[in-house]
Amino acid sequence: MKTIVRLQNVTKDYGQGQALTHALRGVNLEIESGEFTAMAGPSGSGKSTLLNIIGGLDRPTSGKVEVDGREIDSLSNTDLGVLRRDRLGFIFQNYNLIPVLTALENAEYVLMLQGMPTGARRDRVREVLQEVGLEGLENRYPRQLSGGQQQRVAIARAIVSEPALVLADEPTANVDSKTGLALLDLMHRLNEEKGVTFFFSTHEEAVMKAARRLLQLEDGVICNDGPNHM
Amino acid sequence: MNSLRYGWRNLWRNTRRTLITLTAVTLSTAILITSYALMDGLLVHAVSSATNLVVGEVQIHAPRYLADRSIYRALADPARILRGAREKKIRAAPRRYGYGLVAVGTKSAGALFWGVDPELERTTFDLAGHMAKGQFLAEMPSRGMILGRKLARSLQAEVGSEIVVVVQAADGSLGNELFTVTGIFKAAGDAIDRNAALIHAADFTELFVSGDRIHEIALNSRGQMSTQDLATLAADLASKEEVKTWQQLLPAVSDMVNLFDVFIWIFGLIFILAAGMGVMNTMLMATYERIPEFGIIKALGATPWRIIRDVATEALALAALATLLGTALGLAGSYYLQEVGLDTSLFAGSYSVGGVAFDPIWRAAIGLKVVLVPVVLMVIISLVASLYPAGLAARLDPVKAIHRP
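Residues numbered from 1 in each chain as written. Chains lettered and ligands numbered in written order. Predicted model: local features only at pLDDT ≥ 70, side-chain atom pairs only at ≥ 80, totals over all residues.

**Focus: the overall build of chain A**
Looking only at helices and strands, one finds seven helices and ten strands in chain A. C-alpha extents for chain A along the principal axes are approximately 50 × 40 × 40 Å. Here chain A, with 230 residues, has 48% of them falling under the buried criterion. Taking the contacts inside chain A whose residues are at least 6 apart along the sequence as the reference set, 68% of them involve residues at least 24 apart. (Helix = DSSP H or I, 4+ residues; strand = E, 2+ residues; numbered from the N terminus. Buried ≥ 20, exposed ≤ 12 C-beta atoms within 10 Å, placed from the backbone. Contact = placed C-beta atoms within 7 Å.)

This is the structure we're talking about:
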C-alpha cells in the first residue's frame, strides 16, 4: 500500500497573544491508498483545519505534511494549486457547485483545468455521472437538482480526475439521513470498486459506522485512531 | 466550458446590473463615435475649406514676397513650375496681385486685385462656385470683376455696377480703367470678403503693366497627395522660390485643427474612463458576490492566471456586446449627421476661423478611425478595468473565501 498522506507533529495556530487558538496540537497521521477513513469530533475540534492542511488549502504552523509524496511546505501556492488539481478531490458540506454550470460542466471543471481535450473529458464525465447515478441529469443546473443530486455532482467532480485522495468535509451534513446513507453507499462503492481513497470528516454516527478506519479528534489532538468497531 | 461561455453566463446572473452597465457603455461608445465623427467632420471641413476654396495645399512665391507683397517680387520661372505640376497631374493656379483703389459712384475703397486664369481657378479651386450673386469670370478678358461681399457692401455695388479702378502700375504709371461687377462672392474668409477684386489675368497685366509677372502659384491635389509630399514636389519644381504649406499660410486654422485633435482625445478619454469605471464597478460587485465561488475554483486547482483570465473574459464579453451595440447606434447617428448635418446658423450665423469661412451646416465625417479608435479604446479600458477585480479574485485565500458568508 502506498502512503498518500503523512503528517508529523503538525500544529496549527490562529490569532496572536491572548486571542491565540491552537487548532491542531502535534497531529501525527498516515493514510494509505485505498483507505476509507472517517474523522469524527465535535465542532471546533480541528476537523476542517486538518482537512484544509492535507488538501493544501492551508499551511501548518509547524510540523511536516506530505501528500502523495510531496512535502506541502516546499510548494509554492501555484504548485499547491496544481497538486490539488491533479492529485486531490474535494467534497464540501454545502456542495459548492458553480451555479451557472450544468451538472456535466461542474463535473468536468477539473478536467478542463487539467487541459483534457473536450471530447475525451465529456466521455469521461458522462461515465462518472452514470456511476454516481446522475444519468439523464447532465444538463441540469444546480438549482434544478435536489440536495442529494447536487452532492452526487460534487462527488463526480471530486473523483472524475482519478485523484490519489478525496477529502470530504461533512459530505452528508446538508442532506436528509436517507440521502446521506445513499451518498455514503456511493462513496463506499467507489472506494471498493474503483479504489478511490476517501478521508472525510463527520459528526454523524451513521456515517462513522460506514468507515473502515475511524479517527477521533478532540481539541486539535487525535485521541483515537484505529479500525472501526462501531 | 470555455472562459467565454462561463463569463457570458456569469454576466446574466444579475441581469439588471449587467443591463445598466451595458446601457452605459453602449451609450458612451455611441456618443463617442458620433462626437468623434462630428469633430472629424469639422476638421475635414476646416481643412477642405482652407485648401479647396482658394488657398490650396501648397503655395509657391518668390522669396520674401509674402513679407511685403511687392508687385516686383515675381516668380522667376513660373512656366517651368506650371509645366512640372501638369506633368505630375497636380492642379495649379497662377495668380498675380496688385493694390489699388475701386470706386462705385461716390463710394470708394482700397482693394487687392487678383489677376487669375478663370479656367485654371475653376478646375483647381471651388471659388468659382462660391458666388452669392452673378457669375465667375468669363474665359476671355472682358473687364469683368468679382468683389468680396464686404467690399461690395461698402461700395454699395451690385452685379452690373460700373466700377472705376485706379492703380499704381508696375512701370510707375497710373493705371485707370472702368470695369463691370459680374459677381459677388459668398463669405470666403475675411481677407477675400473685405478687399478681394478678381479680374482676368489679361486685364490685370494690362492694368498693372505687369508683363508676365506671376506672384503666386497655388497647388491643390484635393487630398490625392499629403501636404508634405506636395511641398516636397513643389520644392523640387521651384528650388529657388519660397514654398509654404497651408498650415504655414493659415496658422490659425492649423492651430485650430491641432487643438481640436487634442480636444477630441481629452473628450474621448473622459467618456472612456467613465465607461471603464462602470465596467470596473460591475466586475467588482460581481467579484465580491462570488468570493466563495472563487474560493471553490481555487480549491479545485485553478491558477491565479486562470481566474484573471475568466474575470477579464467576462468584462470583455460585456464590452464587446456594448461596443457592438454602441457602434451600430453611433454609426446611425453619425450617418444622419453626415447626410443632414447640424444647422449652426441658428446660433452663430455664418462664421470664419483664421480667415477661412465655414459652412454653417456642421456635418459628421464617417471614417474607419472614427469607429476603430473608440471601439479599440473601449475594449482596452474594459480589459484594464477588469484587472483590479480579477487580481482581487486571484489573490483570495481559498479557505477564507469558501467560508465567507
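Moving on from the model shown.
**A closer look at the nonpolar core**
One finds A:A156 and B:A197 to be the most contacted residues of the largest nonpolar core, which totals 189 residues. Ranked by the residues each element gives to this core, the list is headed by helix α2 (residues 15–55) of chain B, at 16 residues. Not counting the four nearest positions on each side in its chain, B:A197 is found in contact with B:V102, B:A111, B:L112, B:F113, B:W114, B:M145, B:L147 and B:L151. (Core = buried A, V, L, I, M, F, W, Y, C linked by C-beta atoms within 7 Å.)

**Some points on the confidence of the model for chain B**
Residues and elements named next belong to chain B. Per-residue pLDDT for chain B averages 90, and the proportion of residues at 70 or more is 97%. Mean pLDDT in chain B bottoms out at strand β12 (residues 351–353), which sits at 66, and peaks at strand β8 (residues 196–200), which reaches 97. Interface scoring of the predicted complex returns ipTM 0.90; its pTM is 0.73. (pLDDT = per-residue confidence, 0-100.)

**A word on the sheet that holds strand β2 (residues 21–32) of chain A**
Residues and elements named next belong to chain A. If you trace the four strands from one edge of the open sheet to the other, you get β2-β1-β4-β5, paired in antiparallel fashion. A single partner strand is all that each edge strand has here, and the edge strands are β2 and β5 (70–71). For strand β1 (residues 3–14) and strand β4 (residues 62–67), the ladder comprises five bridges, and the chain directions are antiparallel. Residue Q8 lies in a different strand from β4, and its bridge partner there is K64. (Pairing = 2+ DSSP bridges.)

**Topic: the interface of chain B and chain A**
Taken together, the 17 residues of chain B in the interface contact 19 residues of chain A. Among the secondary structure elements, those contributing two or more residues to the side of chain B that touches chain A are α1 (3–11), α12 (291–299) and α16 (398–402) of chain B. Element by element, the count of residues in the side of chain B that touches chain A is highest for α12(B), at four residues. Residue classes in the side of chain B that touches chain A are distributed as nine nonpolar, three polar and five charged. (Nonpolar A, V, L, I, M, F, W, Y, C, P; charged D, E, K, R; others polar.)

**Structural notes on the packing of α1(B) against helix α13 (residues 304–339) of chain B**
Residue and element names in this part refer to chain B. Running from amino to carboxyl end, α1 crosses α13 at an angle of 65 degrees, the nearest separation of the two axes being 8 Å. Considering how the two elements wind past one another, α1 and α13 form a crossing that is right-handed. Residues S3, L4, Y6, G7, W8, N10 and L11 of α1 lie in contact with α13, whose contacting residues are R309, D310, T313, E314, A317 and L318. By residue class, the composition of the contact of α1 with α13 is six nonpolar, four polar and three charged. (Axes fitted to C-alpha atoms, helices over the stretch in contact; angles between N-to-C directions. Left-handed = near helix turned anticlockwise from the far one by under 90°.)

**Some points on the environment of A:Q93**
Residue and element names in this part refer to chain A. Here Q93 shows up in the loop between β6 (88–91) and α3 (103–114). Spatially, the C-alpha atom of Q93 lies 24 Å from that of Q114, the residues being 21 residues apart in sequence. Not counting the four nearest positions on each side in its chain, Q93 is found in contact with D169, E170, P171, A173 and N174.

**Some points on α2(B)**
All names here are of chain B. Across its 41 residues, α2 extends 57 Å between first and last C-alpha, which sits within 8% of the 60 Å expected from 1.5 Å per residue. The largest bend in α2 comes to about 30 degrees, at S48. Of the residues flanking the end of α2, it is G56, one or two places downstream, whose phi is positive at about 85 degrees. (Expected span 1.5 Å × (residues − 1). Bend = angle between axes of the 7 residues up to and from the residue.)

**Structural notes on the confidence of the model for chain A**
Per-residue pLDDT for chain A has a mean of 91; in total, 100% of the residues score no lower than 70. The secondary structure element of chain A with the lowest average pLDDT is helix α7 (residues 205–210) of chain A, at 85, and the one with the highest is β4(A), at 96.

**Overview of α1(B)**
Helical geometry: 3.6 residues make up each α-helical turn, so side chains three or four residues apart lie on a common side. Of the residues making up α1(B), those classed as buried are B:Y6, B:G7, B:N10 and B:L11. The buried residues of α1(B) all sit within an arc of 140 degrees when viewed along its axis, so they share a single face. (Arc of directions from axis to C-beta.)

**Section: the environment of B:S70**
Examined against the element boundaries, B:S70 turns out to sit in the loop between α3 (65–68) and α4 (78–87). Once the C-alpha coordinates of B:S70 and B:W305 are considered, the two residues, 235 residues apart in sequence, prove to be 73 Å apart.

**Description of the sheet that holds strand β7 (residues 165–169) of chain A**
Residue and element names in this part refer to chain A. With mixed pairing, the six strands of this open sheet are ordered in space as β6-β7-β8-β3-β9-β10. Strands with a single pairing partner mark the edges of an open sheet, and in this sheet they are β6 and β10 (221–227). Averaged over neighbouring strand pairs, the angle between their axes works out to 15 degrees when direction is ignored. Both strand β3 (residues 36–40) and strand β8 (residues 198–202) contribute to a ladder of five bridges, which runs parallel. Looking across to β8, one finds that T37 is bridged to F199. Across the sheet, helix α5 (residues 147–159) touches β6 and β7, and the angle it forms with β6 is around 170 degrees.

**With respect to the pairing of β3(A)**
Residues and elements named next belong to chain A. With five of its five residues buried, β3 lies for the most part within the structure. Direction of pairing for β3 relative to strand β9 (residues 213–218): parallel, over a ladder of four bridges. Bridging from a neighbouring strand, M39 pairs with L215 of β9.

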